[in-house]
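The lines below spell out each chain.
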Amino acid sequence: MGYWKKIMEVSWSHLIVLVVAIGIYLGTLVVNPEIAKSSTITSLKEIQRLAIPIVVAMFLGGLVKNLMTHEFVSKLFGTSEAREVLTAGVVGSIIPPCPYTAYPIIRSFKDAGVRFPAMMTMLITSTVVEVPQIFAGIVILGIAIEGARILFAFLSSFIVGYLFFVYARRREIYICA
Amino acid sequence: MRINRRIFAGFSCVLAVVVGSWAVLGPLRGKIPTYLGDNPIVHAMIILTISLYLYFYITKPELAKRSARDSIKNLRALAAYILAALFIAGAFINILPSKTIAAFLGDQAGIIAVLVGVAIGCILPACPFIAYPIIMSVYAAGASLPGIMGMLFGSGTAFACVLSCDLTYFNSKMMGLRLLLTISTALVAGLLAYLTLTILGW
């Protein structure tokens, strides 16, 4: 009971997933019980196939999160602006992808004096590239799709990050609003 | 003595990963129960995880315990949503009309599939354990590879928890700029993937 109370107390954005799932199954149960039955069977098969790998991926993610300390990633930064943007892209893509974990880290880099274009690049890569999601990606998507996701996301992050860096330098935008 | 223990633990774990990965990718391929996943890479990942935890348990027990505690906490907090997402994914496979999927996300949609994919991806949850099963169910229902790549690139960029973090740690201006840049990045990545797949004749 306590667990369900805890579940219900989290943000509404997460509750949407639960509401949508319940809504879909109640709806299909009324409209077409056969589809509801086949959907349940498909879902149970998926759960059986993915349950243990998902738990393992979460444990691996937990370890990576604890290994990627602020001190560890700080060592990677250089002194030149261009290198700062490049490093920011790499750092942003390897920090834990959950925004509740990533944002305080990025904010601390900003407070430590990382320039605005570099910080924006970190925000981009932490939202789009998200290398630590690789474990979930391999389990659910397969290694080929996950590899392509990281490769193209990484390339495009650098393209957009560098263009923003050039724009910011021209407009002399260095200080975060 | 401590260095020796670390070297011994490191060597044993590397050996376990190498031998274990060779076994699951080679002689044991296809013979492992399906509840451990059906992908040999996943099996190698399971061996890697166990070995890493053992290594850190021997060399840095506090780190291993903290990581395990964090993971269990995370798992407990997300279990209901992951299950819900897997049930949504299962329903999508059976419910989504393949004609509609093909029209907007299928091969015939061409570059539109990337744009639609990014737009759908933006509003999906940021957590991969919730978003990825849903995206894979759309793929199974008939979406094209560029379409689901677009969904993956856009995944979670405009989800409520990310927006709330934008506002909590920065401000609304930053949120707008972050959205503009991340969605642009997702679109560029989707277009790059589309061009590459087209050139490769996928």
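What you see is a predicted model, and the numbers here were worked out from it, not measured in a lab.

S.K.: Just to check I follow, could you spell out the overall build of chain A for this structure?
M.R.: Summing up its helical and strand segments, chain A has 9 helices and 0 strands in all. Ordering the α and β elements of chain A from the N terminus gives α-α-α-α-α-α-α-α-α. The 177 residues of chain A split such that 45% are buried. Across chain A, contacts joining residues at least 24 apart in sequence account for 73% of those joining residues at least 6 apart.

S.K.: Help me understand the overall build of chain B, please; the structure alone is not making it clear to me.
M.R.: What chain B contains, in helices and strands, is 9 helices and 0 strands. Counted from the first residue to the last, chain B has its helices and strands arranged as α-α-α-α-α-α-α-α-α. For chain B, the C-alpha radius of gyration of 21 Å lies well beyond 17 Å, the compact-globule estimate for 202 residues. Considered along the principal axes of its C-alpha atoms, chain B spans approximately 65 × 50 × 35 Å.

S.K.: Would you mind showing me how to read the packing of helix α6 (residues 99–111) of chain A against helix α7 (residues 116–128) of chain A here?
M.R.: Residues and elements named next belong to chain A. Relative to each other, α6 and α7 sit at 165 degrees, their axes nearing to 10 Å. Judged on the interaxial angle alone, α7 and α6 are roughly antiparallel. The element α6 and its partner α7 pack so that their crossing is right-handed. When α6 is examined against α7, the residues A102, I106, F109 and K110 are found in contact with a partner set consisting of M119, M122, L123 and S126. Of the residues contributing to the contact of α6 with α7, the split by class is 6 nonpolar, 1 polar and 1 charged.

S.K.: Help me understand the packing of helix α9 (residues 143–171) of chain A against helix α9 (residues 172–200) of chain B in this model?
M.R.: A pair of packed helices is captured by two measures, namely the crossing angle of their axes and the spacing between those axes. At a minimum axis separation of 8 Å, α9(A) and α9(B) run at an interaxial angle of 130 degrees. Between α9(A) and α9(B), the interaxial angle falls into the category oblique. Crossing handedness for the pair α9(A) and α9(B): right-handed. Contact residues: α9(A) offers A:A148, A:F152, A:A153, A:L155, A:S156, A:S157, A:I159, A:V160 and A:F164, while α9(B) offers B:L181, B:S184, B:T185, B:V188, B:A189, B:L192 and B:A193. Grouping the amino acids of the contact of α9(A) with α9(B) by side-chain chemistry returns 12 nonpolar, 4 polar and no charged.

S.K.: What is the right way to read the interface of chain B and chain A from this model?
M.R.: Where interface size is given, it is often the accessible area lost as the parts come together that is meant. Residue-level contacts link 69 residues of chain B with 66 residues of chain A. For the side of chain B that touches chain A, the elements supplying multiple residues, two or more each, are α2 (40–59), α3 (61–95), α6 (128–140), α7 (145–154), α8 (160–169) and α9 of chain B. Examining the composition of the side of chain B that touches chain A, we find that 23 residues originate from one element, α3(B), more than from any other. For the side of chain B that touches chain A, the residue count by class is 49 nonpolar, 15 polar and 5 charged.

S.K.: When you look at the domain arrangement of chain B in this model, what are you seeing that I'm missing?
M.R.: What the domain assignment lists for chain B is domain 1 (2–59) and domain 2 (85–200). Here domain 1 of chain B and domain 2 of chain B have C-alpha centroids that lie 33 Å from each other.

S.K.: I'm lost on unusual backbone geometry in this one. Help?
M.R.: Only a minority of non-glycine residues have a phi that is not negative, and only a minority of peptide bonds are not trans. Positioned with a positive phi, A:E130 is a non-glycine residue whose angle comes to about 50 degrees. The topology assignment puts A:E130 in the loop between α7 and α8 (134–140).

S.K.: Sorry, what's going on with the confidence of the model for chain B here?
M.R.: In low-pLDDT segments, the atomic positions of the prediction should not be examined closely. Scored by pLDDT, chain B comes out at a mean of 86, with 98% of its residues at no less than 70. Scoring the predicted complex yields pTM 0.75 and, for the interface, ipTM 0.74.

S.K.: Before we go on, may I ask you to explain the nonpolar core in this structure?
M.R.: Ranked by internal contacts, the top residues of the largest apolar core, which has 109 residues, are B:A85, B:I88, B:I135 and B:V138. It is α3(B) that provides the largest number of residues to this core, a total of 13 residues. Discounting chain neighbours no more than four positions away, the residues touching B:A85 are A:V17, B:I130, B:P133 and B:I134.

S.K.: Would you take a moment to explain the environment of B:Y132 for this structure?
M.R.: Residues and elements named next belong to chain B. Inspection of the secondary structure assignment puts Y132 in helix α6. Judged by C-beta crowding, with 29 C-beta atoms within 10 Å, Y132 ranks as buried. Separated by 19 residues in the primary sequence, Y132 and M151 have C-alpha atoms spaced 9.3 Å apart.

S.K.: Got a minute to help me understand α9(B) in this structure?
M.R.: The periodicity of an α-helix, 3.6 residues per turn, causes residues three or four positions apart to be oriented the same way. With 29 residues, α9(B) extends 42 Å from end C-alpha to end C-alpha; this agrees with the ideal 42 Å at 1.5 Å per step. Remark: B:G201 follows α9(B) within two positions and exhibits a positive phi of approximately 70 degrees.

S.K.: Teacher, can you tell me more about the environment of A:N32 here?
M.R.: Residue and element names in this part refer to chain A. Among the secondary structure elements, N32 is positioned in the loop between α2 (12–31) and α3 (33–67). N32 gets classed as partly exposed once you count the C-beta atoms within 10 Å, which come to 14. Distance in space between the C-alpha atoms of N32 and A82 is 58 Å, their sequence separation being 50 residues.

S.K.: Please explain α7(A) as it appears in this structure.
M.R.: Residues and elements named next belong to chain A. When the terminal C-alpha atoms of α7 are compared, their 18 Å separation across 13 residues agrees well with the 18 Å that a helix rising 1.5 Å per residue should span. α7 sits mainly inside the fold: 12 of its 13 residues count as buried. Burial in α7 covers these residues: P117, A118, M119, M120, T121, M122, L123, I124, T125, S126, T127 and V128. Looking one or two places after α7, you find E130, whose phi comes out positive at around 50 degrees.

The rules we used
- Residues numbered from 1 in each chain as written.
- Chains lettered and ligands numbered in written order.
- Predicted model: local features only at pLDDT ≥ 70, side-chain atom pairs only at ≥ 80, totals over all residues.
- Helix = DSSP H or I, 4+ residues; strand = E, 2+ residues; numbered from the N terminus.
- Buried ≥ 20, exposed ≤ 12 C-beta atoms within 10 Å, placed from the backbone.
- Contact = placed C-beta atoms within 7 Å.
- Rg over C-alpha atoms; globule rule 2.2 N^0.38 Å.
- Axes fitted to C-alpha atoms, helices over the stretch in contact; angles between N-to-C directions.
- Parallel < 35°, antiparallel > 145°, perpendicular 65-115°, else oblique.
- Left-handed = near helix turned anticlockwise from the far one by under 90°.
- Nonpolar A, V, L, I, M, F, W, Y, C, P; charged D, E, K, R; others polar.
- Domains from an automatic or database assignment.
- pLDDT = per-residue confidence, 0-100.
- Core = buried A, V, L, I, M, F, W, Y, C linked by C-beta atoms within 7 Å.
- Expected span 1.5 Å × (residues − 1).

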